[in-house]
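Close look at the chain arrangement
Each chain, written out:
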Amino acid sequence: MENTVIVTRYNPNWARQFVQLSVPIRDAMGETAIRIDHIGSTSVVGLAAKPIIDMQISVLSFEPFDAILVPLQSLGYRWQVDNPAKTKRYFREPFGQPEIHIHVRLAGSYYEQHALLFRDYLRENIADRRAYGDLKLALAEKFADDRKTYQQEKSAFIWEITRRAHSWGSATGWFAGERDV
């Protein structure tokens, strides 16, 4: 199932799911979590997406790691120790739960800000949101059993949207704004 690609039309329940999942995390992490935000495609109203809630938790430091690890593990989340990205600490859903991806990133880092800018740009730009959703639906149909190729085939479009988002952010004076939870 890990390799299967399922993309669906936007589901308004995704926003509610994010809140239900993030409130206990906010309570468990306390001040360690500077912000908790709904990111990724499920956070953009109207955007087709894999039905996976992506959550970004912003922290001032990855150390001491127990301040991150212990609260998340107490809620059943599993640290992906073999994640190759050094810019985040990555957690997955408790066993038997729907897919949830938790990206713990440093507050103010490029990667933390990029996830928020990309999301906000797509929330504001209907044509690009629609084009991205259509692309994802077509690629999911074509590469339903090949997640790696599905991701690779989206790459050029994502980089183009990233370029547009950076221009838009500069022109509008974008900043991250209030956290979601």
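On to the nonpolar core. The biggest cluster of nonpolar side chains holds 22 residues, and the ones touching the most others in it are I25, I57, I68, L72, F91, I102 and V104. Those elements giving two or more residues to this core turn out to be α1 (13-29), β2 (53-59), α2 (66-74) and β5 (100-106). Those residues in contact with I68, other than ones at most four positions away along the chain, are M29, T32, V59, S61, F62, F91 and V104. Formed by ten residues, the second largest nonpolar core is a distinct cluster that contains V44, L47, Y121 and Y132.

Glancing now at the pairing of strand β4 (residues 88-92). Regular strands show a simple pattern: their side chains alternate between the two faces of the sheet. Counting buried positions along β4 gives four out of five residues, so the element sits mostly inside the fold. Here two bridges tie strand β3 (residues 78-79) to β4, and the two strands are oriented antiparallel to one another. Of the residues in β4, the one forming a bridge with R78 is R92. Relative to β5, β4 is paired through five bridges, and the arrangement is antiparallel. Directly across from R89, in β5, lies its bridge partner V104.

Summed over the entire model, instances satisfying the criterion amount to eleven salt bridges. Two residues, R35 and D37, come together in a salt bridge whose shortest N-O distance is 2.6 Å. Close ionic contact of R164 with E160 constitutes a salt bridge, the shortest N to O distance being 2.9 Å. Here R164 and its partner E160 are both found in helix α5 (residues 147-172), four residues apart, which amounts to about one turn of the helix. The exposure class of R164 is partly exposed, given its relative accessible area of 29%. Relative accessible area serves as the criterion here: at 25%, E160 is assigned to the partly exposed category. One salt-bridge network, in which partners are shared between bridges, spans R78, R92, E93, E99 and R147.

Moving on, we come to the pairing of β5. Of all seven residues in β5, six are buried, a share of seventy percent or more. Both β2 and β5 contribute to a ladder of seven bridges, which runs parallel. Residue pairing in the sheet places I53 in a bridge with I100 of β5.

Moving on: the sheet that holds β5. With mixed pairing, the five strands of this open sheet are ordered in space as β1-β2-β5-β4-β3. Unpaired on one side and paired on the other, β1 (35-39) and β3 mark the two borders of the sheet. The pairing of β1 with β2 spans five bridges and is antiparallel. Among the inter-strand pairings, R35 is bridged to a residue of β2, identified as S58.

A few words on the packing of helix α4 (residues 126-142) against α5. Across the interface, α4 lies against α5 with an axial gap of 10 Å and an inter-helix angle of 175 degrees. Classified by the interaxial angle, the pair formed by α4 and α5 is roughly antiparallel. Two secondary-structure elements touch here, α4 through D128, A131, Y132, L135, K136, L139 and A140 and α5 through Y150, E153, K154, F157, I158, I161 and R164. Considered class by class, the residues forming the contact of α4 with α5 number nine nonpolar, no polar and five charged.

Counted at 1.5 Å a residue, the expected span for α1 with its 17 residues is 24 Å, and the 24 Å between its end C-alpha atoms agrees. At S22, α1 shows its largest kink, close to 25 degrees, and the proline P24 lies no more than four residues downstream. All buried positions along α1 are accounted for by W14, F18, S22, I25, R26 and M29. If you follow the buried residues of α1, they end up packed against β1, β2, α2 and β5. Residue G30 follows α1 closely and has a positive phi angle near 55 degrees.

What counts, and where the lines are drawn
Residues numbered from 1 in each chain as written. Predicted model: local features only at pLDDT ≥ 70, side-chain atom pairs only at ≥ 80, totals over all residues. Heavy atoms only, no water. Core = buried A, V, L, I, M, F, W, Y, C linked by side-chain atoms within 4.5 Å. Buried < 20%, exposed > 50% of the residue type's maximum accessible area, 1.4 Å probe, protein only. Helix = DSSP H or I, 4+ residues; strand = E, 2+ residues; numbered from the N terminus. Contact = heavy atoms within 4.5 Å. Pairing = 2+ DSSP bridges. Salt bridge = Lys/Arg side-chain N within 4 Å of Asp/Glu carboxyl O. Axes fitted to C-alpha atoms, helices over the stretch in contact; angles between N-to-C directions. Parallel < 35°, antiparallel > 145°, perpendicular 65-115°, else oblique. Nonpolar A, V, L, I, M, F, W, Y, C, P; charged D, E, K, R; others polar. Expected span 1.5 Å × (residues − 1). Bend = angle between axes of the 7 residues up to and from the residue.

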